[in-house]
Structure formats: C-alpha cells, structure tokens
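Take a look at the letters that make up each chain.
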2 protein chains.
Amino acid sequence: MILVNGRPDDCVDALDRGLAYGDGVFRTLRTQDGQPQWWRDHYARLAADSAALMLTCPDEAGLRAEVCRVAEAGPGIVKIVLTRGIGARGYAPPRDQACTRIVLSTPLPAHARDDAPNAVAARWCTLRLARQPRLAGIKHLNRLENVLARAEWNDPAIFEGLLRDDSGAVIGGVMSNLLMMKNGELFTPDLGQCGVAGVARTRLLRAAPRLGIPIHIARLSSDAILAADEVMICNSVIGVRRVGRLDDATWSPAGWTEKLNNALYEDSD
Amino acid sequence: MILVNGRPDDCVDALDRGLAYGDGVFRTLRTQDGQPQWWRDHYARLAADSAALMLTCPDEAGLRAEVCRVAEAGPGIVKIVLTRGIGARGYAPPRDQACTRIVLSTPLPAHARDDAPNAVAARWCTLRLARQPRLAGIKHLNRLENVLARAEWNDPAIFEGLLRDDSGAVIGGVMSNLLMMKNGELFTPDLGQCGVAGVARTRLLRAAPRLGIPIHIARLSSDAILAADEVMICNSVIGVRRVGRLDDATWSPAGWTEKLNNALYEDSD
C-alpha cells in the first residue's frame, strides 16, 4: 500500500522536486504487527535530516499513523520519502513549501528474516565516495553513488559492498553502516565527510557503553578493517550481521555480533 | 504538456528509481516554433550521460517527436528526464530495464527572452562541490548541491552563483557553465571531477577555433576569474551572458560575449 500525502495513490506529480533533483530525504524501517520498530529514533533522524535540507518535516503523530496504516499484518518494511514538493523549473527551493510525503510498505525480504544467515560475505567496491560535508550523514535522495557501487557485482553470494572515500577512509556498506571490534572496543567510521548515519548505528553507539564496550568514531583504513577481531554491518532492516568474508579475508565468530544485535533491541522504541 | 512514456500524463509511479535515488539524467533545451534547438548536441549528450549510468537511452527519432509534440507554439523550454524506471526496494540496478521517459514543456522564462539584459550579476557560493569523477560532467538527477547552493541567496538582482570544488578550483555556475577570456584566449573549467558539461559549453568549445580563439580547458582559481578580461556564463536556455559584477568585482564589456553568443547559433543542429 502507498500513501501519497496521506491518500492511497500509486503516483507522484511529474514536477516533484524529489524526482527533478533528488531534493528530499527518506527512511526505511521495520514494522511488526502494524507498529514501526525504533520509531522514536527514526523520527528524530528524519527531523534532523529534514532540518539539514531546510525541509518541513511532518508532525510525528500524523506520520506515525500513516506508517501504521500501510504496515503489513506480520513483519514488514515501511519506507518514508519526504520531498520538497512540486517545483517550478529551477534549483531555487521554494520557501515554507509543504513536503510531498510518500509512505509505502513492502514485504520483509528473505535476507531480513530471523532465519537469515547471521554471517554475510562482502567485497570492497571500486567506486570511491566523494566528500561533501554539507550532505554527509543525511539519508537524502541523491543516491547515485550507492547505485553505481551496487552495480559492481551480480554474485548473489555477496551480500554487501564496502565503500571508501576518495582519501581511502572506509565509510560503510552500500546499504549499511560498518562496525568493527578490536581488543574489546567498538570502532565505526566517522561520517563527517560522507556516508549515511543510520538508526541502527545510532542505537549501537548508545547501547555499547551499557555493555561496557568503549566506542570510537574514527577514520578507519582498509588495513584496520582487515586487522579487526570481528567486522559487522548493520541497518534497520537486518539488524547487526557479522562479515564472515571480505573478498579473500575470512573471520571466525568472536561472539560480538550476537551481543550487539541483542543490545539493538533492548531499549524500547 | 507532459508526456510520460509517450502518453499525456501528469504523474510518475511512486516507486520510480528517479524519485527513490535520483537514478537518471535530464536535459533542458529551448524550442522555437515546435522544434528543438541544438537537438543533435542534446541527444548526443543524453546518450553519453545515459551510457555513463548504464541507462537505456530511447531512440533519437521517437524522442525528438515527443519533444516536438509538447513544444509550445512560440519560444519555450522542454525538459527531458530519463530514469531507470520502476524498481523494487534496493540499490541494485535492474538489467536492461526500459527507462521512464518524461518530456515536458514550460514557457520561456523572462530571463531567457531576447530582450533580457546581456550582463548579469553573480556571487561566489559558500558551498564547495564534492569531487566524484564517476559522476562528473553528467547531467544526472542528483542535484542537491545545486539546490543548497541556490538557497544561499534570495536577492533577485543576483542571477547566478559561482561554485568552487573542495580544492578551491572554480567549476561553474549553479545552472550554467563558466567561461573567461584573457589576452584573447578562452578558458573554461575542467569538469573531470565535478560539474555539468552543458551543450552550450560544448558548442562554444567547437566554435571558438573557427573564430581564431585558442581554447583552454583548465583548472581555474578564483583569482584567475577575477583577473579575466571578460567573464561569461552559458547554458542552453540563456545562451552566453556576460558577468558584469561578481560580488564586489565589476567588469566593463570587452566585446567577447556578443561574438561568442553569435557563434553559438552559427552551425545548425
């Protein structure tokens, strides 16, 4: 089911700035029995991303009601897209324009089910992310880098591609954030220059201190990843997964993935 | 009038990848009496940009017929948008998928009329363009940098903002390419790292040698721009315009703008 500005619809105005310029933001979240998972974090992130792009974020209660309305009966995925609305020709953003609001549900993909493998295979992508601090961290609609990176492989055995920026710093996965454990401490890439700061990452950074795990948001090299005790990816759909293989490198489980994945679900929404 | 995949329509599927990821390319061109201006160059550029993103470009004759169908009776603007079509959730681009094709007309804006001032005022933008060679030059739908840069000013007396990349190299205008004359030679920024390679710029680079003007595609600093004999912007809608003022700097006409603007129109499409 798709709601466009609150009404069941399957299309969007051809003059929408989301289409013309990717002028908007989005979220992808899980639902269970008609309720969004981690809603408070998702809404906070949507509001922050909207503010960064000077978009008018819809009010929380109304948006949550739309998410619940489209959600499947069992487990599922809901995507929220906010755009700057319909625009005349030209880049100048209209002031105080109501956003276009698209809320849609899709069934839970097989790779997100509870019985999906806990360990995944990954590869290094060739594409290097450009560094744009004005857009870094934001889950905006300008995602051609992700599309080009994901086009680098067809092998269904490869679950995720890891991206570096043009300085060689590791940033994250095409569709996930990256984490690694080394000597009992948690490291995740700094996203001040590029990448998307996902809600699962935010929740893990909040949960780790509760588990007594020191956290480091840092510049990480490819070598640092390869030298990790455990490498993980995370997002709101799959939770935390262990990277068992990264091109030719392999890791045996060190036990951190389960611990962190459980912690993800500990605090309520 | 708007044609979506050849049929009059005013909306696009809410699952289109153009909306989800900015996964597509576009062109903006002038029409006169129902015919596109510089069609050969525009189609060549559209085909090249499509190929760079592995999009299937529609055939030339059919697309041209659609442009003519939507074109206004007098002078007008036509925009062509090609996207990777409707997608399932996920970045992976479907193989050999037919594009979504949007062709729409708008009236000629006042600033593009023949009686619009030949000289314009510009400013330096604060935003620095990120360098992504995989997307450089392509007129793709990921244009948030342009939106943010254009949001830097409201003063209607300022026609254009000039953009530098994060290394300080001048790249072009928010909606135009940049040219400068120095000692009788034409300079325009190298677009190998970022920026959009417009058709007007291509035509000028082809025309200048015919006029005996040497051309340089180069890294240009802000100081080089300020030291120019004449600074110009160009695109397919406005032709060539002289920059008469750039923040506090001003220039008197040196005669190159008219010469180059005339040359733009010399070879037929």
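Residues numbered from 1 in each chain as written. Chains lettered and ligands numbered in written order. Predicted model: local features only at pLDDT ≥ 70, side-chain atom pairs only at ≥ 80, totals over all residues.

## Let's talk about the overall build of chain A
Thought 1: Secondary structure summary: chain A contains seven helices and 16 strands in total.
Thought 2: Rg of the C-alpha trace for chain A: 19 Å, near the compact-globule value of 18 Å for 269 residues, within the 12% margin.
Thought 3: Taking the principal axes of its C-alpha atoms as reference, chain A extends roughly 50 × 40 × 35 Å.
Thought 4: Looking at the 269 residues of chain A, the share that counts as buried comes to 51%. (Helix = DSSP H or I, 4+ residues; strand = E, 2+ residues; numbered from the N terminus. Rg over C-alpha atoms; globule rule 2.2 N^0.38 Å. Buried ≥ 20, exposed ≤ 12 C-beta atoms within 10 Å, placed from the backbone.)

## Thoughts on the domain arrangement of chain A
Residues and elements named next belong to chain A.
Thought 1: Each domain of chain A was delimited in the assignment, giving domain 1 (2-108) and domain 2 (119-264).
Thought 2: Between the C-alpha centres of domain 1 and domain 2 there is a distance of 25 Å.
Thought 3: Every contact between the two is made by 17 residues of domain 1 and, on the other side, ten residues of domain 2.
Thought 4: If you list the elements that add at least two residues to the side of domain 1 that touches domain 2, you get β4 (24-32) and α2 (39-52).
Thought 5: Per-element tally for the side of domain 1 that touches domain 2: the top contributor is β4, with seven residues. (Domains from an automatic or database assignment. Contact = placed C-beta atoms within 7 Å.)

## Let's talk about the sheet that holds β4(A)
All names here are of chain A.
Thought 1: Reading across from one edge, β2-β1-β7-β6-β4-β5 is the order of the six strands in this open sheet, with antiparallel pairing throughout. Of all strands in the sheet, those bounded by a partner on one side alone are β2 (7-8) and β5 (35-36).
Thought 2: Relative to strand β7 (residues 100-107), strand β1 (residues 2-4) runs antiparallel, the two being bridged by three bridges. Bridging from a neighbouring strand, Leu3 pairs with Val103 of β7.
Thought 3: In this fold α2 packs onto β4, β5 and β6 (75-83), with an angle of close to 175° to the strand it touches most, β4.
Thought 4: Docked against the sheet, helix α3 (residues 60-70) engages β1, β5, β6 and β7, running at close to 30° with respect to β7. (Pairing = 2+ DSSP bridges. Axes fitted to C-alpha atoms, helices over the stretch in contact; angles between N-to-C directions.)

## Observations regarding the relation of the copies chain B and chain A
Thought 1: Superposition record for chain B on chain A: RMSD 0.0 Å, screw rotation 180°, translation along axis 0.0 Å. In the structure described here, the two chain copies are related by an operation that fits a two-fold rotation axis.
Thought 2: When you check the interface residues of chain B against chain A, 100% turn up at the interface there too, and the contact is symmetric in its surfaces. (Least-squares fit on C-alpha atoms with pLDDT ≥ 70 in both.)

## Here we look at the interface of chain B and chain A
Thought 1: Between chain B and chain A, the residue contacts involve 43 residues of the former and 43 residues of the latter.
Thought 2: Counting only elements with at least two residues in the side of chain B that touches chain A, the list comes to β1 (2-4), β3 (11-13), α1 (17-21), β7 (100-107) and α4 (144-150) of chain B.
Thought 3: Top contributing element to the side of chain B that touches chain A by residue count: α4(B), with six residues.
Thought 4: Across the side of chain B that touches chain A, the residue classes tally to 24 nonpolar, seven polar and twelve charged.
Thought 5: Relative to β3(B), strand β3 (residues 11-13) of chain A is paired through three bridges, and the arrangement is antiparallel. Bridging from a neighbouring strand, A:Asp13 pairs with B:Cys11 of β3(B). (Nonpolar A, V, L, I, M, F, W, Y, C, P; charged D, E, K, R; others polar.)

## Overview of helix α7 (residues 256-264) of chain A
All names here are of chain A.
Thought 1: For α7, the full list of buried residues reads Trp256, Thr257, Leu260 and Leu264. Along α7, the residues classed as buried sweep out an arc of 95° about the axis, all on the same side.
Thought 2: Where the residues of α7 are buried, they touch β11 (177-182), α5 (199-210), β14 (230-235) and β15 (239-246). (Arc of directions from axis to C-beta.)

## Some thoughts on the nonpolar core
Thought 1: Among the nonpolar cores identified, the biggest contains 154 residues, and A:Ile80, A:Met232 and B:Met232 are the most heavily contacted of them.
Thought 2: In this structure, A:Met232 is in contact with A:Leu179, A:Met180, A:Val240, A:Arg241, A:Arg242, A:Val243, A:Thr257 and A:Leu260, ignoring residues within four places of it in sequence. (Core = buried A, V, L, I, M, F, W, Y, C linked by C-beta atoms within 7 Å.)

## Focus: the pairing of strand β13 (residues 215-218) of chain B
Residues and elements named next belong to chain B.
Thought 1: For strand β12 (residues 185-189) and β13, the ladder comprises four bridges, and the chain directions are parallel. In the sheet register, Pro189 faces β13, and the bridge partner there is Ala218.
Thought 2: With respect to chirality, the unit in which β12 leads through helix α5 (residues 199-210) into the neighbouring parallel β13 is right-handed. (Right-handed = clockwise from strand over helix to strand, strands pointing away.)

## Observations regarding the sheet that holds strand β6 (residues 75-83) of chain B
Residues and elements named next belong to chain B.
Thought 1: Taken together, six strands build an open sheet; the order of strands is β2-β1-β7-β6-β4-β5 and the sheet is antiparallel. Looking at strand neighbours, the two that pair on one side only are β2 (7-8) and β5 (35-36), the edges of this open sheet.
Thought 2: Across eight bridges, β6 lies against β7 in antiparallel orientation. For Gly76, the partnering residue across the bridge sits in β7 and is Pro107.
Thought 3: Each of β1, β5, β6 and β7 touches helix α3 (residues 60-70); the most contacted strand, β7, lies at about 30° to it.

## Comments concerning the environment of B:Ser252
Residue and element names in this part refer to chain B.
Thought 1: Position of Ser252 relative to the elements: it lies in the loop between β16 (249-250) and α7 (256-264).
Thought 2: Ser252 sits in the exposed class, given 9 other C-beta atoms within 10 Å.
Thought 3: Taking C-alpha positions, Ser252 is 8.7 Å from Asp229, a pair spaced 23 residues apart along the chain.

## Quick notes on unusual backbone geometry
Thought 1: Residue A:Trp38 is not a glycine yet carries a positive backbone phi of 55°.
Thought 2: Relative to the helices and strands, A:Trp38 resides in the loop between β5 and α2.
Thought 3: A positive phi is found at B:Met54, a non-glycine position, where the angle reads about 60°.
Thought 4: Topologically, B:Met54 is positioned in the loop between α2 (39-52) and α3.

## Re the packing of α5(A) against α7(A)
All names here are of chain A.
Thought 1: Two numbers describe how α5 lies on α7: the axes approach to 9 Å, and their chain directions differ by 105°. Between α5 and α7, the interaxial angle falls into the category roughly perpendicular. Of the residues in α7, those touching α5 at Ala200, Arg203, Leu204, Ala207 and Arg210 are Leu260, Ala263 and Leu264.
Thought 2: When its residues are assigned to classes, the contact of α5 with α7 shows six nonpolar, no polar and two charged. (Parallel < 35°, antiparallel > 145°, perpendicular 65-115°, else oblique.)

## Here's the deal with the environment of B:Ala92
All names here are of chain B.
Thought 1: Examined against the element boundaries, Ala92 turns out to sit in the loop between β6 and β7.
Thought 2: For Ala92, a count of 16 C-beta atoms within 10 Å corresponds to the partly exposed category.
Thought 3: For Ala92 and Ala263, which are 171 residues apart along the polypeptide, the C-alpha to C-alpha distance reads 44 Å.

## What about the packing of α2(A) against α5(A)?
Working note: a packed helix pair is described by the angle between its axes plus the distance between those axes.
Residue and element names in this part refer to chain A.
Thought 1: Between α2 and α5, the shortest axis-to-axis distance is 10 Å and the interhelical angle comes to 115°. In terms of crossing hand, the pair formed by α2 and α5 is right-handed. On the side of α2, the interface is formed by Asp41, His42 and Arg45, while α5 contributes Val199, Thr202 and Arg203.
Thought 2: Partitioned by chemical class, the residues of the contact of α2 with α5 number one nonpolar, two polar and three charged. (Left-handed = near helix turned anticlockwise from the far one by under 90°.)

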